[in-house]
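For reference, the chains in residue letters:
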Amino acid sequence: MKFIESVFEKLKRHPKRIVFPEGAEPRVLEAAARFTRMQLGVPILLGDIEEIERKAEDHRIDVKRIGIMDPAKADDLSIFADRLERLQRYRNIGAGDAREILTNPNYFAAMMIQHGQADGLVGGASQYASSLMRPLIQIIKPLPGITTISSCMMLEGPPEVFGAEGMLMFADCAVVPEPTVEELASIGIETAKVCRQLTGLRPRVAFLSFSTKGSSRLPAASKMAAAAALARQKADTEKLEMEIDGELQADTALLPELAKVKAPASHVAGNANVLIFPDLNSGNISAKLVQHLGGAAAYGQVLLGLSRPAADMSRGASVEDILGVAAIVGLQAIEYRKLYPATEEDLVP
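Residues numbered from 1 in each chain as written. Predicted model: local features only at pLDDT ≥ 70, side-chain atom pairs only at ≥ 80, totals over all residues. Heavy atoms only, no water.

Novice: Please set out the environment of E190 residue by residue, giving values where relevant.
Specialist: One can find E190 in helix 8 (residues 181-199). E190 sits in the buried class, given a relative accessible area of 5%. For the pair E190 and L77, spaced 113 residues apart in sequence, the C-alpha separation works out to 33 Å. (Helix = DSSP H or I, 4+ residues; strand = E, 2+ residues; numbered from the N terminus. Buried < 20%, exposed > 50% of the residue type's maximum accessible area, 1.4 Å probe, protein only.)

Rendered as structure tokens:
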């Protein structure tokens, strides 16, 4: 069974509510309709109701079993505005301005998942990442102990040549431009947790570089080695079951025969299923090349470090991409508290 098919099957047993801030986007409409037909849960589309229904009619999309809500007319607008005013960042803005902010679907959607009226959020298919990320970071509190909000992407290809059972996770490909050693270590740990949750496989995390095990002494390679060492230390402290190594070249991380030559003592080399990139340039470029030249199916970006499941899609996302990411976010929501144990008091901004 393909990775994404296994996600669909698991989610069918525990359907979830996914909110889409871009309710009038035709690709989102079609993905939401398919989400419903596949019995994965209840999609909630935000936006002008008449516009959404008109777009659905134009594209012959059945929205009868899909939730549609206009934030400007929602019953919860006043309640959310009151809660927004309690946040330190918004404490002095006043009720009128709070309501105005929350008429923006991205802000309203963030409040919905923060306060349990949806289980996950998927956005970004028709807007810049900052438009979605800003309300999420401002409204959704980070998980306890997390100082870096980042992201990961899942890429699926032929099992015989593509990572572990045909799936690889790339990070960070969307959020942190030039991560520090500490940020890289956090990205590695959080991506590995998601890998374990979504696949059930033992994460094998490779911190990538142009160098393998000290073949270069340049600072860029040493930085990845240091990040891998710090991530191992964190994993040991938290008693997390994962293998971590670096610095490793990409081919050494993926090809068993080459790994025997370049890193024979490594438990990760040749078997990596989580790849951590030195910076946003390398991560984003690599993911798009693997997707468009290598023919891989790509699902992301799933956001890491937030106390609620959310994803920021690429503006080039297809209906299949949006559907897959929505299912992944839904699957995350099933056992999010087991993956990230914390009290509700810890998670309220």
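So, next bit.
Novice: So what about helix 4 (residues 77-86)? Which residues, and what values?
Specialist: Within helix 4, burial applies to L77, F80, A81 and L84. For helix 4, the buried positions fall inside an angular range of 105 degrees around the axis, keeping them on one side. Contacts made by the buried residues of helix 4 are with helix 5 (95-102), helix 6 (105-114) and helix 7 (129-139). (Arc of directions from axis to C-beta. Contact = heavy atoms within 4.5 Å.)

Novice: A description of the pairing of strand 7 (residues 204-208) should follow, citing residues and the corresponding values.
Specialist: Most of strand 7 sits inside the fold, with four of its five residues counted as buried. Inspection of the sheet shows strand 7 paired to strand 8 (residues 243-248) by five bridges, in the parallel sense. Of the residues in strand 8, the one forming a bridge with F207 is G246. Following the chain from strand 7 across helix 9 (residues 219-237) to the adjacent parallel strand 8, one finds a crossover that is right-handed. Bridge analysis of strand 7 against strand 9 (residues 274-276) gives three bridges, and the strand direction is parallel. Across the sheet, residue V205 finds its bridge partner in strand 9, namely V274. (Pairing = 2+ DSSP bridges. Right-handed = clockwise from strand over helix to strand, strands pointing away.)

That's the geometry; what it means functionally is another story.
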